[in-house]
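For reference, the chains in residue letters:
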Amino acid sequence: MNEEQGIRFLITDDDSGRSFALLSLALVVGLAFHAYTFNVTKANDIANKYAVDVYSIDFEHYDVQDSDSLLIANGEVDVLQLSREIMGVDEGSLMAQITFDVSYSESSGQIGDPCDEVHVSIAPNGMEADWQNENNILSDSNDNCDPMTLVVYVYPGYVGESSEVVGNSAKYWNDVWTNETYGSGTIELEISVETNEGPTSFATGGDDNEEINVQWTVSFFEVEIKSIPS
Amino acid sequence: MAVDGLLAVGGILSLALGASGLILTRSQKQEIIWNKRFAAQILCWIFICKGIANGVRSVGFEGESWRFVLYSGHFTDQVFAGAVMLLALIFPVPLLRTKKQFKFGALAVLGYTLISMGAATFISINTPLAGLADAYIVCGFIWGTVYLKFRFMSNYEDHKEVQGVSDVAILLFIMVTGHILFRWVGFLTRSNYFYFMDIYGGNITSDYLWSMGLAAAVIFGIVILLGEIYQVAQGNIRGTSYVIFTYMIIGVVSHIVLAGTGLSGSGGGTDAGDGYTKWQGIWTEITSSVHFTMMRPILGLYILFHYGLVKITEDNEQVGKTMAIVLIVVATSALLEIIQSLIPLTEMLSAGILGIAIAFGIGWEERSFQSLISNPLRFPIRVKGLYFPELEFERSSYFALDKGMAILIGFVVFLAFILELSSADPFTMSNW
């Protein structure tokens, strides 16, 4: 075999083997970096890459309550607004649900005056909430002075019970349960009154308004996500 | 379009290119230097192997015949890897420089491929012996060296034929490893999305060897990138400079998109992992998957025609044109499907755009086909002839290569079928 048929000729011709040497050096250095990274730096991550992570999700909840009283004239509609700002809670608070307890009694003082007709409703907008939740109670009305309760579930999927989830990352689950968007905005409770006249109203001047008491309870929660060692 | 759909389209494209390319090489009348002639054939068989592998895998592993899908895909990939190594050994610069060396080299590659296949069959499909990543190291090193030698050859910086050799080395390298280059930043930043790539998982040595092969591809890519940056600084920019810059820039964007992700399925990062967001999945599809399935055949077509591996004359012009049209039209319509999955279009609008795209594709063919084939780049035999030894092969030698490859591919598909019928467990064969 003459010299030109050998591989040495290909390596050394023209550049005295510089190209070959340069690429060999790059390859050795690069693969050493790779070997160190693969076998040392990331060894644990790589060994556990198929391990399915299990996380516990624990909730701690607390309620914020307050009440308001509105005097609503016959045929009028009044609105009670509620937002994080109005409640005076932190913008980052995670809101689970809002409950309005509406109560009233016939306050005209007339003998035999029947209860007035009160209608309460929540418009499904204004606040970012789980409006599609089947358990929401967005409107009610009565004329027998029974209390009424309206409920809006704000954070989708929140039931308040601790759970264990499989897969994804802690960051993923943290993102799922710390979405501050839910509960942002203002929710509006509309209350309307239709008074019912009693038999003696002609003599005492009539029943032309009603005092409505609204107690609202807003449930907030805090979440803790922990990785459960396998 | 789901990745499975892309795999199917890629399979069709690769098979179309491989089969029509073989017809062209057999029917061409003009004499072509031996290494180009063999390279053309090997390139065609490479695409036939990939066409089968991608086509079979597009069916998915959920069906009853999952073993056949797994084994036939793996075996044809092993033939692919061996063929790529053989290609690198003779093209663009023949390292096998005599008939004896060529015969020995071809037999060594065949022996290596058969040993790998035997290991996959009798030990386990994920044993280190059955690995596939060696091809990236071998061919990357050879093409990388050829690139450096010819791109930086003193006094030949503007020599079209000399620089053409470095161009084809870059294009071949990108054709084989382009989808890995989209993750090059992850290699340096030690990101999970790079280091978690494996073939099947479950064997840390195999995982390491596979990852090492991908790392080698990235290292060669970085060397070529630095070389081209230097050449651009010297005012020597070439068409292939833009190609490598594009791939590496997409790699930087990919790092921004994929940072924080982990598992990305088996292979070289052409699949989206389970934890990927929709956007990360789309990005993987429009970069790595598109390269893996569509850019490879397109680059193969360009290399075949532009570098004179197949010479088009009046006799075979029609086959060549048909081949180009099929590739362009199928690739165009597949790309449109991908766009459609990103931007919801009505069927009417989609059909209209497809019509325009196909007309454009055929129009491109009319305008560019002649320029692509009429002036194939010659290699610098006159000025650097010692690199390109002239060997005389009988016509039967070329046919023997085709026969050998056809028999080998037929055999591996048959073997996969037998393993399917035998209900073999691909991961615990050594326990039988």
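Keep in mind the model is a prediction, meaning the values are calculated, not measured.

Chemist: Quick question: what am I supposed to make of the overall build of chain A here?
Modeler: Counting its regular elements, chain A contains six helices and nine strands. Scaling as 2.2 N^0.38, a compact globule of 230 residues should have a C-alpha radius of gyration of about 17 Å, whereas chain A reaches 35 Å, well beyond that. Scored against the burial criterion, the 230 residues of chain A give a buried share of 38%. Long-range contacts, defined here as pairs at least 24 residues apart, represent 80% of the contacts in chain A between residues at least 6 apart. When the accessible surface of chain A is split by element, carbon and sulfur atoms take 47% of a total near 12600 Å². Between the centroid of the 7 positive side chains of chain A and the centroid of its 42 negative side chains there is a distance of 37 Å.

Chemist: Just to check I follow, could you spell out the sheet that holds strand β2 (residues 77-82) of chain A for this structure?
Modeler: Pairing between sheet strands relies on hydrogen bonds along the backbone, with the strands arranged either parallel or antiparallel. All names here are of chain A. Strand order in this open sheet of four strands is β2-β8-β4-β5, and the pairing throughout is antiparallel. What marks the edges here is a single partner per strand, and that holds for β2 and β5 (139-142). Between one strand and the next, the sheet's axes are offset by a mean angle of 15 degrees, whatever the strand orientation. The sheet contact formed by strand β4 (residues 117-122) and strand β8 (residues 187-194) spans six bridges and is antiparallel. Paired with Ile122 across the bridge in β8 is Leu189.

Chemist: How should I be thinking about the domain arrangement of chain A in this particular structure?
Modeler: A common way to report how large an interface is uses the accessible area buried once the components associate. As far as domains go, chain A holds domain 1 (3-47) and domain 2 (58-228). Computed over C-alpha atoms, the centres of domain 1 of chain A and domain 2 of chain A are 70 Å apart.

Chemist: Explain the pairing of β8(A) here, please?
Modeler: The two faces of a sheet get side chains in turn, since along a regular strand they alternate between them. Strand direction decides the pairing type here: β2(A) and β8(A), joined by six bridges, are antiparallel. Along β8(A), the bridge assignment pairs A:Gln81 with A:Glu188.

Chemist: What exactly am I supposed to notice about the packing of helix α5 (residues 134-151) of chain B against helix α9 (residues 204-233) of chain B here?
Modeler: Axes are the key here: two packed helices are described by the angle between their axes and the distance separating the axes. All names here are of chain B. Contact geometry for α5 and α9: axes closest at 9 Å, N-to-C directions at 10 degrees. For the element pair α5 / α9, the angle class is roughly parallel. Along its contact with α5, which presents Tyr136, Ile137, Gly140, Phe141, Tyr147, Leu148 and Arg151, the element α9 presents Trp210, Met212, Gly213, Leu214, Ala216, Phe220, Val223, Ile224, Gly227, Glu228 and Gln231. For the contact of α5 with α9, the per-class residue count stands at twelve nonpolar, four polar and two charged.

Chemist: Would you explain the state of the cysteines in this entry?
Modeler: Two cysteines whose sulfur atoms are joined by a covalent bond form what is called a disulfide. Applying the stated criterion across every chain yields a total of one disulfide over all chains. The disulfide that involves A:Cys115 links it to A:Cys145, with 1.8 Å between the sulfurs. Of note, the bridge from A:Cys115 to A:Cys145 carries an S-S torsion of about -120 degrees and is left-handed in sense. You can see A:Cys115 sitting in the loop between β3 (94-104) and β4 and its partner A:Cys145 sitting in the loop between β5 and β6 (148-153), a full 30 residues away along the chain. You can call A:Cys115 buried: its relative accessible area is 17%. By relative accessible area, A:Cys145 is classed as buried at 18%. Free cysteine B:Cys49: the closest other cysteine sulfur is in B:Cys44, separated by 11 Å. By relative accessible area, which is 0% here, B:Cys49 ends up buried. Residue B:Cys139 stays outside any disulfide, its sulfur separated by 14 Å from that of B:Cys49, the closest cysteine.

Chemist: What exactly am I supposed to notice about the interface of chain A and chain B here?
Modeler: Taken together, the contact pairs 34 residues of chain A with 37 residues of chain B. Counting each side, the surface lost to burial between chain A and chain B is near 3200 Å², with a carbon and sulfur contribution of 70%. It is A:Leu10, A:Leu23 and A:Lys49 in chain A that bury the most area against chain B; as a group they hold 21% of the surface buried on that side. Note that A:Lys49 and B:Asp207 form a salt bridge whose closest N and O atoms lie 3.7 Å from each other. Across the contact surface, chain A and chain B share 16 residue pairs in polar contact (both at pLDDT 80 or more). Elements supplying a minimum of two residues to the side of chain A that touches chain B: α1 (7-12), α2 (18-41) and α3 (43-47) of chain A. Per element, the largest residue contribution to the side of chain A that touches chain B is 17 residues, and it comes from α2(A). Among the residues forming the side of chain A that touches chain B, the class breakdown is 17 nonpolar, ten polar and seven charged.

What counts and what doesn't
- The residue count restarts for each chain, going from 1 along the sequence in the order it is written.
- Labels are handed out in written order, letters beginning with A for the chains and numbers beginning with 1 for the ligands.
- For this predicted model, a pLDDT threshold of at least 70 governs which residues receive local features, and a threshold of 80 or more governs which side-chain atom pairs are given and counted, while totals over whole chains, interfaces and linings are taken from all residues.
- Derived side-chain values reflect all non-hydrogen atoms in the structure, with water molecules and hydrogen atoms excluded from consideration.
- Note on conventions: DSSP H or I runs of at least 4 residues are helices, E runs of at least 2 residues are strands, and numbering of each starts at the N terminus.
- For this measure, only C-alpha atoms enter the radius of gyration; the expected value for a globule follows 2.2 Å times N^0.38, where N is the number of residues.
- Each residue is assigned to one of three classes by its accessible area relative to the maximum for its type, calculated with a 1.4 Å probe on protein chains only: buried under 20%, partly exposed between the two thresholds, exposed over 50%.
- Contacts are assigned to residue pairs with any non-hydrogen atoms lying within 4.5 Å of each other.
- To be clear on the numbers: accessible area is Shrake-Rupley with a 1.4 Å probe, and residue cover counts the displayed protein chains and nothing else.
- His is not counted here, nor are the chain ends, while Lys and Arg score as positive and Asp and Glu score as negative.
- Taken as the charge centre is NZ of Lys, CZ of Arg, CG of Asp or CD of Glu, depending on the residue.
- At least two bridges found by DSSP between two strands are what make those strands a pair.
- Every axis in this analysis is a line fitted to C-alpha atoms, fitted for helices over the stretch in contact. Angles between the N-to-C directions lie between 0 and 180 degrees.
- Either an automatic procedure or a domain database provided the assignment from which the domain bounds are taken.
- Each angle is binned into one of four classes, with values under 35 degrees roughly parallel, values over 145 roughly antiparallel, values of 65 to 115 roughly perpendicular, and all other values oblique.
- In the scheme used here, Gly and all other residues not listed as nonpolar or charged are polar, with Ala, Val, Leu, Ile, Met, Phe, Trp, Tyr, Cys and Pro taken as nonpolar and Asp, Glu, Lys and Arg as charged.
- What counts as a disulfide here is a pair of cysteine sulfur atoms lying within 2.5 Å.
- Accessible area that two parts lose when put together, with a 1.4 Å probe and added across both, is what the buried area reports.
- By salt bridge we mean one thing: a side-chain nitrogen of Lys or Arg within 4 Å of a carboxyl oxygen of Asp or Glu.
- Residues adjacent in sequence count toward polar contacts only when both atoms are side-chain atoms; beyond that, a polar contact is any pair of N or O atoms within 3.5 Å, and within protein one must be able to donate a hydrogen and the other to accept it.

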